[in-house]
Amino acid sequence: MVASKGPLDGIIVLDLSRILAGPTCTQALGDLGATIIKIEHPERGDDTRTWGPPFATDADGQATDLSSYFMCANRNKLSVAVDIATPEGQDMIRQIAARADILIENFKPGGLEKYGLDHGSMLTAYPQLIHCSVSGFGHTGPNREKPGYDLMAQGYSGIMSLTGEADGAPVKVAVGIADVMTGMYASVGILAALRHRDQTGEGQHIDLSLVDASLAWMINEGVAHLTTGQPRPRRGHQHATIVPYQTFACSDGFVLIAVGNDLQYTRFCDFLGRPDLADNPEFATNSARVVNRETLIPQLEALVATHTQADVVEGLEARKVPVGPVNTVEQAFASDQAKARDMRIDMPKDGIDRGGVELIGNPLKFSATPVTYRRPPPHLGEDTQAVLDWLAGKRETPEV
């Protein structure tokens, strides 16, 4: 723990979001020092509190309301139990909004209008506010009324059509990548709007959708389709426009080999004892290898399979050819690299059997304003009284 809260110290975020996209954004802002006031229904809380097992357990070994899913995106936040369907709850939201810099929510378009908490109403009342709305399809377009979930966004955007083996079924990315990427775009948009607000005093509405974000991160495959007008096939673990760039089976495991240029390819062939595969004009350049991959790849696979994983890694690293293992999740977080980069962190928390919770660290490494881990994921409503006292003028800040 460090004393300084970070570059966003003093920024207050009213967080009406739940599940993953919005919470990913607000956790990132919280790590940078912002005070995050997370609003949760007094009985249900964030949906992800029940998305388990696994759960953090109490001293008696009983499951708490801290599922691993909830904890992954909700550190550095204050949990305030408020029912926004009631006049009292709406009044409390407005009191917080009057003091806040940022409001983020992921209600369906129009879902907050009945409470008078929609972006139009809020920006009229608090013109300095940055109001970020996250939804499945956005606030415009023919699908604006449809609910949005990560799975649907992965399917709608086309990413699932590219994921999986060439002769298999479409496969979703194992984690909620559409939610996470939307949260990252939200962070970027909010920080840009914050700079504009600080320069002009003008807040604004940010309309962000899971599907738009997912279409945006189709990047090279998406632009390849727009360039050619042709469908993009699934290629399993192979790359669309770099060959070889894929998983290879060794005699005792798997390796990843990423040949990014022709010189690396020549070195790769030298390791395999087949310099002729580099001299052959059908394979000598990356463009030629992409065209002739169906002929080349089986030959490379057969050659790599005669080596152990350790031999391939050692041999290619010595030749400066990008190579690496296919780690399990356990191996990745147990690695010396993850430890050296503080990508697994422990946060003390009272009432938890281990004395705290273990979380994934923030990847941002600042030289002057490092991220901070000030508060472990909260139990439902544990900070309600502190925020009420702050609103009543009994304390200077809602965050201790």
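A short tour of the structure in this document, coming up. (Residues numbered from 1 in each chain as written. Predicted model: local features only at pLDDT ≥ 70, side-chain atom pairs only at ≥ 80, totals over all residues. Heavy atoms only, no water.)

The omega torsion of the bond from Gly 52 to Pro 53 falls at 10°, within 30 degrees of zero and hence cis. Secondary-structure assignment places Pro 53 in the loop between β2 (35-40) and β3 (55-57). Note the cis peptide between Val 243 and Pro 244, where omega equals -5°. Turning to its location among the elements, Pro 244 is positioned in the loop between α9 (219-228) and β9 (245-249). The phi dihedral of Lys 320 falls on the positive side, at around 60°, and the residue is not glycine. (Helix = DSSP H or I, 4+ residues; strand = E, 2+ residues; numbered from the N terminus.)

With that out of the way, let us pick up the pairing of β9. In terms of strand pairing, β9 meets strand β10 (residues 254-258) through five bridges, oriented antiparallel. Bridge pairing in β10 links Ala 249 to Phe 254. Between the end of β9 and the start of β10, which pair antiparallel, lie four residues. (Pairing = 2+ DSSP bridges.)

Once that is clear, we can look at the nonpolar core. Core analysis: the largest hydrophobic core is formed by 36 residues, its most contacted members being Val 13, Leu 29 and Ile 190. Leaving out residues up to four positions away in the same chain, Leu 29 has contacts with Leu 8, Val 13, Ala 34, Ile 36, Ile 102, Ile 190 and Leu 191. Counting 26 residues, the second largest nonpolar core, distinct from the first, contains Met 92, Leu 103, Leu 117 and Trp 390. (Core = buried A, V, L, I, M, F, W, Y, C linked by side-chain atoms within 4.5 Å. Buried < 20%, exposed > 50% of the residue type's maximum accessible area, 1.4 Å probe, protein only. Contact = heavy atoms within 4.5 Å.)

Taken as a whole, this structure holds 20 salt bridges when the rule is applied. The residue Asp 31 makes a salt bridge to Arg 75 at a minimum N-O spacing of 2.8 Å. Pair noted here: Asp 31 is in helix α1 (residues 21-31) and Arg 75 is in the loop between α2 (68-71) and β5 (77-81), with a separation of 44 residues, a long-range link. Each of the two residues, Asp 31 as well as Arg 75, counts as buried. For Arg 49, the salt bridge goes to Glu 40, with nearest N and O atoms at 2.7 Å. Glu 40 shares its class with Arg 49; the two are buried. Each of Lys 5, Asp 9, Arg 374 and Glu 399 takes part in a single network of salt bridges with overlapping partners. (Salt bridge = Lys/Arg side-chain N within 4 Å of Asp/Glu carboxyl O.)

To summarise the sheet geometry, strands pair through backbone hydrogen bonds and adopt either a parallel or an antiparallel arrangement. If you trace the three strands from one edge of the open sheet to the other, you get β9-β10-β11, paired in antiparallel fashion. The open sheet has two edge strands with one neighbour each: β9 and β11 (323-325). Taking each pair of neighbouring strands and ignoring which way they run, the sheet shows an average axis angle of 25°. Helix α14 (residues 309-318) rests against β10 and β11 of the sheet, and its axis sits at about 20° to β10. (Axes fitted to C-alpha atoms, helices over the stretch in contact; angles between N-to-C directions.)

With that settled, consider the environment of Asp 336. Positionally, Asp 336 belongs in helix α16 (residues 336-340). Considering only alpha carbons, one finds Asp 336 and Thr 200, 136 residues apart in sequence, at a separation of 46 Å.

On the basis of which strands lie adjacent, the open sheet formed by six strands has the order β5-β2-β1-β6-β7-β8 and parallel pairing. Each edge of the open sheet carries a strand with a single partner, namely β5 and β8 (204-209). Geometrically, the sheet is characterised by an average inter-axis angle of 20° between neighbouring strands, direction not taken into account. Looking at chain direction, strand β7 (residues 130-135) and β8 are connected through six bridges and run parallel. Looking across to β8, one finds that Cys 132 is bridged to Ile 206. Against the sheet, helix α17 (residues 384-391) makes contact with β1 (12-16), β2 and β5, and its axis sits at roughly 90° relative to β5, the strand it touches most.

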